[in-house]
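In case you want the letters, here they are:
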Amino acid sequence: GQQLNQSPQSMFIQEGEDVSMNCTSSSIFNTWLWYKQEPGEGPVLLIALYKAGELTSNGRLTAQFGITRKDSFLNISASIPSDVGIYFCAGQPGAGSYQLTFGKGTKLSVIP
Amino acid sequence: DAGITQSPRHKVTETGTPVTLRCHQTENHRYMYWYRQDPGHGLRLIHYSYGVKDTDKGEVSDGYSVSRSKTEDFLLTLESATSSQTSVYFCAISERVEQYFGPGTRLTVT
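All figures in this text were calculated on a predicted structure; none of them were measured in a lab. (Residues numbered from 1 in each chain as written. Chains lettered and ligands numbered in written order. Predicted model: local features only at pLDDT ≥ 70, side-chain atom pairs only at ≥ 80, totals over all residues. Heavy atoms only, no water.)

Caption draft 1: A look at the environment of B:Thr5. Residues and elements named next belong to chain B. Topologically, Thr-5 is positioned in strand β1 (residues 4-7). Taking relative accessible area as the criterion, Thr-5 reaches 45% and is therefore assigned partly exposed. Separated by 19 residues in the primary sequence, Thr-5 and His-24 place their C-alpha atoms 5.3 Å from one another. (Helix = DSSP H or I, 4+ residues; strand = E, 2+ residues; numbered from the N terminus. Buried < 20%, exposed > 50% of the residue type's maximum accessible area, 1.4 Å probe, protein only.)

Encoded structure:
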């Protein structure tokens, strides 16, 4: 089946630094989604991307749908302690199904 | 946030016993999903539903069954629980591609 490779697996950053993470695949995806999960909770949808090349922001978060449709990037600017969590990418492989393929997550730790 | 609740939130059960987890939504979304989340594996789809009484298998469906008799409820049953089914289970709902997750159920099979 289709797989998403998410990197890095984990990262430790200083408060105030910018963060970048990405998802890549050998397959094409129609839609890319980014989720954040905090301990003991379910994933929360942050950003959805629907077209190749699309760049979308949500506050300090910016995500891009790669032009090849095989990758997506998430950037967080000026990190703060509440950014801590696991960030997941998810892709919709085909237009005829709403099933998602998930990456294994990037665990973000912010050092105050 | 989407109105999704899961019950129970925590459960400990013994090997061989049946277990049913419930997902309830107040959003009237057509699609509902059950995932399990395990370290090193991320989120894996167990079963999903595309309407009342319409369900299909996901990636890791062995040992699980589901039922959806009403739009708002999606039940996941472990027919005979095994230790390998110790996991955190998430329900999700969607009307289109964007899925919204419930708070999860932590299941421990001893």
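Having seen the structure, we can now continue with the description.
Caption draft 2: The sheet that holds strand β3 (residues 19-25) of chain B, seen in detail. Residues and elements named next belong to chain B. Sheet architecture is open: four strands sit in the order β1-β3-β8-β7, paired in antiparallel fashion. Taken across any chain shown, the strands that pair with only one partner, and hence form the sheet edges, are β1 and β7 (64-70). Going across the sheet, the axis of each strand differs from the next one's by a mean of 20 degrees, ignoring polarity. The pairing of β3 with strand β8 (residues 73-78) spans six bridges and is classified as antiparallel. Note on β8: the bridge partner recorded for His-24 is Asp-73. (Pairing = 2+ DSSP bridges. Axes fitted to C-alpha atoms, helices over the stretch in contact; angles between N-to-C directions.)

Caption draft 3: Up close: the pairing of β1(B). Residues and elements named next belong to chain B. Side chains of β1 alternate between two faces, with Ile-4 and Gln-6 buried and Thr-5 and Ser-7 left unburied. Here four bridges tie β1 to β3, and the two strands are oriented antiparallel to one another. Considered in β3, the bridge of Ser-7 is made with Arg-22.

Caption draft 4: Up close: the packing of aromatic side chains. On inspection of all chains with the given rule, the structure shows 11 aromatic pairs over all chains. Consider the rings of A:Phe102 and B:Tyr35, whose centres lie 5.5 Å apart with planes at 85 degrees: the pair is edge-to-face. Here A:Phe102 is found in strand β10 (residues 101-102), whereas its partner B:Tyr35 is found in strand β4 (residues 31-38) on a different chain. The exposure class of A:Phe102 is buried, given its relative accessible area of 9%. Feature note: the residues A:Tyr35, A:Phe102, B:Tyr33, B:Tyr35, B:Tyr48, B:Tyr50 and B:Phe101 constitute an aromatic cluster, connected by ring pairs. (Phe/Tyr/Trp six-rings, centres within 6.5 Å; stacked < 30°, edge-to-face > 60°.)

Caption draft 5: Expanded view of the layout of surface pockets. Looking at the largest pocket, its volume works out to about 1,300 Å³. What lines the largest pocket is a set of 48 residues, among which A:Phe88, A:Lys104, B:His41, B:Gly42 and B:Leu43 lie closest to the centre. Counting only elements with at least two residues in the lining of the largest pocket, the list comes to β1 (5-7), β9 (85-92), β10 and β11 (106-111) of chain A together with β4, β5 (42-51), β9 (87-94) and β11 (105-109) of chain B. Here the lining of the largest pocket gets four residues from one element, more than from any other, and that element is β5(B). Within the lining of the largest pocket, the residues separate by chemical class into 16 nonpolar, 23 polar and nine charged. (1 Å grid on protein atoms, 1.4 Å probe; cavity = no way out; pocket = protein on both sides within 12 Å on 5 of 7 lines; lining within 4 Å. Points joined across faces, edges and corners; volume = space filled by probe spheres on them. Nonpolar A, V, L, I, M, F, W, Y, C, P; charged D, E, K, R; others polar.)

Caption draft 6: Representation of the nonpolar core within the structure. Grouped together as the largest cluster of nonpolar side chains are 21 residues, with contacts concentrated most on A:Trp32, A:Trp34, A:Leu74 and A:Leu108. Within the residue set of this core, elements represented by two or more residues are β2 (10-14), β3 (19-24), β4 (31-37), β5 (44-49), β7 (61-65), β8 (71-76), β9 and β11 of chain A. Counting residues in hydrophobic clusters, the runner-up holds 19 residues, among them B:Trp34, B:Phe74, B:Cys91 and B:Ile93. (Core = buried A, V, L, I, M, F, W, Y, C linked by side-chain atoms within 4.5 Å.)

Caption draft 7: Region of the structure containing the state of the cysteines. All chains considered together, the criterion is met by two disulfides over all chains. In this model A:Cys23 forms its disulfide with A:Cys89; the gap between the sulfur atoms is 1.6 Å. On the S-S bond that ties A:Cys23 to A:Cys89, the torsion sits near -70 degrees, and the link is left-handed. Of this pair, A:Cys23 sits in strand β3 while A:Cys89 sits in strand β9; the two residues are 66 residues apart in sequence, bridging distant segments of the chain. For the pair shown, A:Cys23 and A:Cys89 are each scored as buried. B:Cys23 shares a disulfide with B:Cys91; S-S distance 1.9 Å. Disulfide B:Cys23-B:Cys91: torsion about the S-S bond near -70 degrees, hence left-handed. Taken together, the positions of B:Cys23 in strand β3 and B:Cys91 in strand β9 put the pair 68 residues apart, joining distant regions of the chain. Judged by its relative accessible area of 0%, B:Cys91 is buried. (Disulfide = S-S within 2.5 Å.)

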